[in-house]
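# Observations on the three-dimensional arrangement
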Amino acid sequence: MKFYSTNNPKQKVSLAEAVIKGLAPDQGLYMPERIPILSKQFIEKLPEFSFKEIGYKVISAIFSEDLTKAQIHDLVDHTLTFDAPLIKVEQDVFSLELFHGPTLAFKDFGARFCSKLMSLLLKDSEKKVRVLVATSGDTGSAVANGFLGVDGVEVIILFPKGKVSELQEKQFTTLGQNITALEVDGVFDDCQAMVKQAFLDKELNEKLLLTSANSINIARWIPQSLYYFYAYSRLPQNGKKVAFAVPSGNFGNIAAGILAQRMGLPIDHFVAATNVNKVVPDFLRGAKFKTMSSIPTISNSMDVGNPSNFPRLLALYGNSEKTLKESVAGYFYRDAETVEVMQEVKKMGYTLDPHGAVGYKGLKDFMLENPGYQGVFLETAHPGKFRETVEKALDLKLTLPDRLATFMKGEKRVGILNNDFGDFRKYLMKLE
Ligand SMILES: *Cc1c(COP(=O)(O)O)cnc(C)c1O
């Protein structure tokens, strides 16, 4: 399978190149040159398969020209080491819990798949791969935990000193092994600038094999479609139409759902739900697509004013704005509404995190306007990850899951960098 750039469909590259580069040189996003359609028979039999069996089948459909059967099994086994239970919250409304992985957010699926795929693609490379990441919190932890212990790959994380919550910091500074955390005396943008400069440095790139594992990487994007198949397979098979509501920021997660639909999964409608960073809901309701600077909210992993996967959404609908608007409904909510929803759902016995709450509300509003559906909303993070907000909204004390509590006990180990590319460069040049 070749992958094309959304900025120039004639520009096609191999799987390895698309994964190692992440973003196309023309700044486009990579897309598979054709989307395989799974057989009707497979779709009908979905309820009989395990999550991993679904994973092998879907991943084979896209990657079988480039990977052996054994490699595909390795890849899926390494990714799906935890479940994604579908929980009934009320009549016709289900929560797809994507937070049972090591860092308690859905990004664990993509990060685990990406790490394993990189190590498979580079197994004959003489050079060790260095993944450089700048993080303000969540990306660092998902990437670090996804790559932990993966052969031939070393992760180097730059993070701003004193700007990351203690819980987030612990998730990438206590791991050791092939994960190195470097504390930069600056802000997130400084870390990002240093990483970008490293990719542009000719001498560095001749000496080291550097890559980014950026969230637009196909190796992080494609595996997210697996849990749509799985969720669908666990829904009551009652003939009702099916909607999926996705709390969205960069729109990679919902784009993976649309990929599943394009591969033959009978999803009837998507709901894109956001906080007040509402560029896409505005577009879906008729406005021109217009980026904005991001506004801070309590669902802060979705505070995105320039959603990076938007070209992918369009590409999936044949670059037809009309089809995209007909297939995806957009809703946005203010923080006060999000808190209210968390409180209402708590009374039904279910605890939402602020991101899941936005998804739930989007689904409910869609179902109100469109009777006859059953729906799934994606619960993208464990409520404990946003402990302060959840405790305040619901007036309760949360018990942290064991995995988080274990991180908190770990010892922080970091290297120290000045806010200066020269310092970072010197560090990299010393690596073998
Ligand atoms: C990253 C993130 C999102 C947004 O996902 P996109 O793929 O960027 O739309 C939603 N919820 C949580 C908890 C996240 O970490």
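Up top is the structure.
Everything numeric here is computed off the predicted structure, so don't read it as measured data.

### Some details on the overall build of the chain
Assigned secondary structure in the chain consists of 20 helices and 14 strands. For a compact globule of 432 residues, the expected C-alpha radius of gyration is about 22 Å, and the chain comes in at 21 Å, within 12% of that figure. Projected onto its principal axes, the C-alpha coordinates of the chain cover approximately 60 × 50 × 40 Å. Residue burial in the chain is summarised as follows: out of 432 residues, 57% are buried. Nonlocal contacts in the chain, meaning residues at least 24 apart in sequence, comprise 75% of its contacts between residues at least 6 apart. As presented, the chain carries roughly 18,000 Å² of accessible surface, and 49% of it is formed by carbon and sulfur atoms.

### Considering the environment of Lys107
Looking at where Lys107 falls in the secondary structure, it is placed in helix H5 (residues 107–121). C-alpha of Lys107 to C-alpha of Asp335: the two residues are 228 residues apart in sequence and 23 Å apart in space. Not counting residues within four places of it along the chain, the set of residues in contact with Lys107 comprises Ala142 and Arg220.

### A closer look at the side chain of Thr135
Relative to the helices and strands, Thr135 resides in the loop between strand S6 (129–134) and helix H6 (138–147). What makes Thr135 buried here is its relative accessible area of 1%. Among the polar contacts made by the side chain of Thr135, one reaches the main-chain amide nitrogen of Gly140 at a distance of 2.9 Å. For Thr135, the residues in contact, after removing those within four places along its chain, are Gly140, Ile157, Leu158, Phe159, Pro160, Phe172 and Phe188.

### Some words on the pattern of salt bridges
Evaluation of the coordinates by the stated rule reveals 20 salt bridges. Residue Asp365 pairs with Lys361 through a salt bridge whose shortest N-O separation is 3.5 Å. One end of the pair, Asp365, and the other, Lys361, are both in helix H17 (residues 354–369), 4 residues apart, so they sit about a helical turn from each other. With relative accessibility at 18%, the residue Asp365 sits in the buried group.

### Quick look at the nonpolar core
With 102 residues, the main nonpolar core has Phe63, Phe147, Tyr228 and Phe229 as its most contacted residues. Sequence-distant contacts of Phe229, that is, excluding residues within four places in its chain, are made with Leu38, Phe42, Ile43, Leu46, Ile54, Val58, Ala260, Met263 and Leu265. Formed by 30 residues, the second largest nonpolar core is a distinct cluster that contains Ala105, Ala357, Leu363 and Val390.

### Considering the pairing of strand S11 (residues 269–274)
Here S11 lies mainly inside the structure; 6 of its 6 residues are buried. Burial along S11 is two-sided: the residues His269, Val271 and Ala273 and Phe270, Ala272 and Thr274 are all buried. One ladder, built from 5 bridges, connects strand S10 (residues 241–247) with S11; its direction is parallel. Residue pairing across strands places Phe244 opposite Phe270, the latter belonging to S11. With helix H12 (residues 252–262) bridging S10 and the parallel S11, this β-α-β connection has right-handed handedness.

### Things to note about the site of the ligand
With respect to spatial proximity, 15 residues lie near the ligand, and among them Lys107, Gly249, Asn250, Phe251 and Thr380 are the closest. A distance of 2.9 Å separates an oxygen atom of the ligand from a polar backbone atom of Phe251. In the complex, 95% of the free accessible area of the ligand, which totals 390 Å², lies under the protein chains. Classifying every residue of the shell around the ligand gives 5 nonpolar, 8 polar and 2 charged.

### Here's the deal with the sheet that holds strand S8 (residues 179–184)
One open sheet holds the 5 strands; their spatial order is S9-S6-S7-S8-S14, and the pairing between them is parallel. One side of each edge strand has no neighbouring strand; the edge strands of this open sheet are strand S9 (209–211) and strand S14 (415–417). Each adjacent strand pair in this sheet contributes to an overall mean axis angle of 30°, direction not counted. Relative to S14, S8 is paired through 3 bridges, and the arrangement is parallel. Bridge pairing in S14 places Leu182 opposite Gly415. Set on the sheet, helix H8 (residues 188–200) makes contact with S6, strand S7 (153–160), S8, S9 and S14; between it and S6 the angle comes to about 150°. Across the sheet, helix H20 (residues 421–429) touches S6, S7, S8 and S14, and the angle it forms with S7 is around 165°.

Quick notes on the rules
Residues numbered from 1 in each chain as written. Predicted model: local features only at pLDDT ≥ 70, side-chain atom pairs only at ≥ 80, totals over all residues. Heavy atoms only, no water. Helix = DSSP H or I, 4+ residues; strand = E, 2+ residues; numbered from the N terminus. Rg over C-alpha atoms; globule rule 2.2 N^0.38 Å. Buried < 20%, exposed > 50% of the residue type's maximum accessible area, 1.4 Å probe, protein only. Contact = heavy atoms within 4.5 Å. Areas by Shrake-Rupley, 256 points an atom, 1.4 Å probe, with all protein chains shown as cover. Polar contact = N/O pair within 3.5 Å; in protein donor to acceptor, adjacent residues only side chain to side chain. Salt bridge = Lys/Arg side-chain N within 4 Å of Asp/Glu carboxyl O. Core = buried A, V, L, I, M, F, W, Y, C linked by side-chain atoms within 4.5 Å. Pairing = 2+ DSSP bridges. Right-handed = clockwise from strand over helix to strand, strands pointing away. Near = heavy atom within 4 Å. Nonpolar A, V, L, I, M, F, W, Y, C, P; charged D, E, K, R; others polar. Axes fitted to C-alpha atoms, helices over the stretch in contact; angles between N-to-C directions.

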